Amino acid sequence: MKATELAIAGAWLFEPSVFPDARGSFTAPFQGPAFREALGFDLAIVQTNQSVSSRGVIRGVHYADVPPSQAKYLYVAAGAVRDVIVDIRVGSPTFGRHEAVELDGESMRAVYISEGLGHAFQALTDDTVVGYLCSASYNPSGEHGISPVDPDLALPWADGIEPVLSEKDRDAPTLEQARAAGALPTWEACQDWYARLCS
């Protein structure tokens, strides 16, 4: 499995080998030893989630309070998404920047989104199935969102596909509004948390 850190610290792309044959294909989208070699610690999987989305659906930008927040290892089991990771850590050298990665059920590429980063994706096909391995249980009181259509973020959603948003995501604040309200994680708190994971 190939592991590549993206331009935003704490965001990684994992590319497993896929073995096709006449029956279909087989792959291991998450491999613990490869993850540990890349990041220096084991991913503690506390909860797994799965979503099914119609073409155009955007889920996010979501994040959680740090600590403990919730890291995610995400892959597409069927269909395709444009996955977007946003640096919302106040004080980070890349604050406000984003990374976009195409994920699909054929390549089985996966992304790891560390604690404190914002995450969203847009389904590019109907019946897109996304699997998430999560480092913490869902905590409604600690979960937050940033508008996926914040004009200042200008996230690169697919051309020619009408965005479909939940009411919660549609009404979420902009990045600047969340920063002004003191609702964003800080770079310092995230660095302290990462150091704890690696100790």
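Note that the coordinates shown come from a computational prediction; the quantities given were computed from them, not determined experimentally.

*Asks:* Break down the sheet that holds strand 9 (residues 98-104) for me, citing the residues and quoting the values.
*Replies:* In spatial order, the strands read 9-8-11-6-13; together these five strands make up an open sheet with antiparallel pairing. Only two strands of the sheet have a single partner each, and these edge strands are strand 9 and strand 13 (143-145). The mean angle between the axes of side-by-side strands here comes to 25°, regardless of whether they run parallel or antiparallel. The pairing of strand 6 (residues 58-64) with strand 13 spans three bridges and is classified as antiparallel.

*Asks:* Report on the pairing of strand 9, specifying residues and quantitative values.
*Replies:* Only one face of strand 9 is covered, namely the one carrying Glu99, Val101 and Leu103; the face carrying His98, Ala100, Glu102 and Asp104 has none of its residues buried. Sheet analysis places strand 8 (residues 80-86) next to strand 9, joined by seven bridges and oriented antiparallel. Residue pairing for strand 9: alanine 80 is matched across the bridge by aspartate 104.

*Asks:* Describe the side chain of glutamine 122, naming the residues involved and giving the relevant values.
*Replies:* One can find glutamine 122 in strand 11 (residues 118-123). The exposure class of glutamine 122 is buried, given its relative accessible area of 0%. Separated by 2.9 Å, the side chain of glutamine 122 and the backbone nitrogen of alanine 158 make a polar contact. Excluding residues within four positions of it along the chain, glutamine 122 makes contact with Gly56, Val57, Ile58, Ala80, Val81, Arg82, Trp157, Ala158, Ile161 and Pro163.

*Asks:* So what about the layout of surface pockets? Which residues, and what values?
*Replies:* Computed from the structure, the largest pocket encloses a volume of approximately 430 Å³. Mapped by element, the contributors of at least two residues to the lining of the largest pocket are strand 5 (47-53), strand 6, strand 11, strand 12 (128-134), strand 13 and helix 2 (167-170). The biggest single contributor to the lining of the largest pocket is strand 6, with four residues. A per-class count over the lining of the largest pocket returns nine nonpolar, eight polar and five charged. Quantified by volume, the second largest pocket comes out at close to 170 Å³.

*Asks:* Go over empty space enclosed by the protein, please, and point to the residues and values.
*Replies:* Summed over the entire model, instances satisfying the criterion amount to one cavity of 30 Å³ or more. Lining of the largest cavity is provided by 13 residues; of these, His62, Tyr63, Gln70, Lys72 and Leu117 occupy positions nearest its centre. With three residues, strand 6 is the single largest residue contributor to the lining of the largest cavity. Classifying every residue of the lining of the largest cavity by side-chain character gives four nonpolar, six polar and three charged.

Basis of the calculations
- Residues numbered from 1 in each chain as written.
- Predicted model: local features only at pLDDT ≥ 70, side-chain atom pairs only at ≥ 80, totals over all residues.
- Heavy atoms only, no water.
- Pairing = 2+ DSSP bridges.
- Helix = DSSP H or I, 4+ residues; strand = E, 2+ residues; numbered from the N terminus.
- Axes fitted to C-alpha atoms, helices over the stretch in contact; angles between N-to-C directions.
- Buried < 20%, exposed > 50% of the residue type's maximum accessible area, 1.4 Å probe, protein only.
- Polar contact = N/O pair within 3.5 Å; in protein donor to acceptor, adjacent residues only side chain to side chain.
- Contact = heavy atoms within 4.5 Å.
- 1 Å grid on protein atoms, 1.4 Å probe; cavity = no way out; pocket = protein on both sides within 12 Å on 5 of 7 lines; lining within 4 Å.
- Points joined across faces, edges and corners; volume = space filled by probe spheres on them.
- Nonpolar A, V, L, I, M, F, W, Y, C, P; charged D, E, K, R; others polar.

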